[in-house]
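Structural overview
Chain residues, written in single-letter form:
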Amino acid sequence: MEGTRMRRLAFRPATGVSNIELFYDLIFVYCISVITSLMHNPEGGFFSVETYALYAVDMLTILQVWFFTTFLQNRYGDGGVFDNVCLFINMFLMFFMAGCVGEGWRNSMLTWNLVWAFVLIDLAVHWGIKRVRYTNLSDDDKRFMNRMILVLAVQAVIVLVAAFVPWEIGQWISLVAFAFGWLAFVRGHRLARAAVRFDHLVERCSLLVIVTFGEMVVGIAGTINGGSDVIAAMLVFALVVGLFLVYFFHYDRMLDHEREDVGIGFMILTAGLVFVISNVTVALEYLPEHEVAAAPKSIYLAVGLCAYLALSLVLFRYNKIPFRLGGLVLASRVIACLLIAGVALIPGADTLTTLACDALIVWGALAVEYASYRTRRELVGGGRGREEAA
């Protein structure tokens, strides 16, 4: 009997992002792709409110699971056998969960909720193993882990209830579970007093953003049909690259990778960015589609671009002190959003005009940001970011 007991040991965090974690992130390529496909068949000239609500809830539910898992790996991951087994179970369940998406909410609710509940149970067990196994946890760690186990258990119970009641009631109970999970995560910063490994967290979050941009590239590739679309393809690609650089210019040059932070705010920001990028992907896929009404799809793209430019301003909060948000960059983003909105409202504007204007506006905002960075870098005497310093 003695040999069957879980061996208790002092916690030693793993260093860097493991290959298993990278493989786990690849599952989200499939998940994001499947969920985005919900928006591919607009009816009556545009998507319905019901379709968009299903897309939004599914996307944010998948992200919620990713954040619970990533936060655990960041704070208490040691790269051991228990970590890897729980992660592989999580991967399979997420893979299976995403496969339910295309069947419609009414048809797949039972399966979706059952798999979602098993994901939450797997996470609760994973957190529980950490709580029981480590001998050197602080009192704050113990309280926080107890709270997370309770949150996951309660959410799993709510989801299981939603799975077995009539559909008309179950859909609302599922939304309660969804909201409960996000509320618990957002409020978790009050108990998460210890700083996370911010460099690890930033790397994981940036990889998720890369995956989402990768899905954007795959999505727009399907809209390019040949030689007649070369100009449109160039403009779309220029716009996507500009959006990509808006985020990764921060990551490479200005972000404080050694910041002392509980990390939850940065993860919530990442969730918002991933959701917005996914919406921009759908909007770009709509542009060449003649069955999609011109005005709604232009406005949809404009809203997505403006939301991305506005939300990415929050990244400045996590920059090194010399590179925090300044008035010039803020003014350039406000002007960029106003111009993008103006382009969307141009009567009869064609796809090429919209793409050309939007790409120029995004690159213009990026140019102002780079000029501001260069000026501030010279004033503080030179550090040029992680990659250049290396």
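Remember, it's a predicted structure, so these values are computed and weren't measured experimentally.

Moving on to the overall build of the chain. Tallying secondary structure elements over the chain gives 13 helices and zero strands in all. In the chain, the order of α-helices and β-strands from amino to carboxyl end is α-α-α-α-α-α-α-α-α-α-α-α-α. Counting contacts in the chain only where the partners sit at least 6 residues apart, residues at least 24 apart contribute 82% of the total. Working note: accessible area of the chain is about 17500 Å², and carbon and sulfur atoms make up 67% of it.

Counted according to the given criterion, the structure contains 30 aromatic pairs. Taking 6.0 Å as the distance between ring centres and 70° as the angle between the ring planes, the aromatic pair formed by Trp127 and Phe144 counts as edge-to-face. On the criterion of sequence distance, the pair formed by Trp127 in helix α4 (residues 105-133) and Phe144 in helix α5 (residues 139-164) is long-range, its members being 17 residues apart. The class of Phe144 is buried, set by a relative accessible area of 1%. When the ring of Tyr247 is compared with that of Phe248, the centres are 4.7 Å apart and the planes differ by 70°; the resulting orientation is edge-to-face. Each member of the pair Tyr247 and Phe248 is classed as buried. Clustering of aromatic rings is evident, with ring pairs tying together Phe46, Phe47, Tyr52, Tyr55, Phe275, Tyr286 and Tyr300. Directly above the aromatic system of Phe144 lies the positively charged group of Arg75, at a separation of 5.2 Å from the ring centroid.

Here we come to the pattern of salt bridges. Considering all chains together, one arrives at five salt bridges under this definition. The partner of Arg333 in a salt bridge is Glu369, with the nearest N and O atoms 2.6 Å apart. Here the residue Arg333 occupies a position in helix α11 (residues 327-344), and Glu369 occupies one in helix α12 (residues 351-379), the gap between them amounting to 36 residues. By the burial criterion, Arg333 is buried, and Glu369 matches it. Shared partners join several salt bridges into a network, and the residues in it are Glu21, Asp25 and Arg204.

One can find Phe213 in helix α7 (residues 198-221). Sequence separation between Phe213 and Ser278 is 65 residues, and the spatial gap between their C-alpha atoms is 8.2 Å. Phe213 has contacts with Val240, Leu243, Phe244, Ile277 and Tyr308, leaving out every residue within four places of it along the chain.

Let us look at the nonpolar core. Nonpolar side chains tend toward joint burial in soluble globular proteins. Among the nonpolar cores identified, the biggest contains 112 residues, and Met94, Trp116, Trp127, Phe266, Leu284 and Tyr308 are the most heavily contacted of them. In terms of residue count, helix α9 (residues 264-286) provides more of this core than any other element does, 15 residues in total. Core analysis: the second largest hydrophobic core is formed by seven residues, Phe249, Leu313, Phe323 and Val329 among them.

Time to look at a nonpolar patch on the surface. Together, Leu110, Phe118, Ile121, Val125, Leu160 and Phe164 make up an exposed nonpolar region whose accessible area comes to about 550 Å². Those elements that provide at least two residues to the nonpolar patch are α4 and α5. Ranked by residue count, the leading element in the nonpolar patch is α4, at four residues. Inspection of the secondary structure puts Ile121 in helix α4. Owing to a relative accessible area of 38%, Ile121 belongs among the partly exposed residues under this scheme.

Rules used throughout
Residues numbered from 1 in each chain as written. Predicted model: local features only at pLDDT ≥ 70, side-chain atom pairs only at ≥ 80, totals over all residues. Heavy atoms only, no water. Helix = DSSP H or I, 4+ residues; strand = E, 2+ residues; numbered from the N terminus. Contact = heavy atoms within 4.5 Å. Areas by Shrake-Rupley, 256 points an atom, 1.4 Å probe, with all protein chains shown as cover. Phe/Tyr/Trp six-rings, centres within 6.5 Å; stacked < 30°, edge-to-face > 60°. Buried < 20%, exposed > 50% of the residue type's maximum accessible area, 1.4 Å probe, protein only. Lys NZ or Arg CZ within 6 Å of the ring centre and 35° of its normal. Salt bridge = Lys/Arg side-chain N within 4 Å of Asp/Glu carboxyl O. Core = buried A, V, L, I, M, F, W, Y, C linked by side-chain atoms within 4.5 Å. Patch = residues over 30% accessible without salt bridge, like charges linked within 9 Å, V, L, I, M, F, W, Y side chains within 5 Å.

These values are about where atoms sit, not about what they do.
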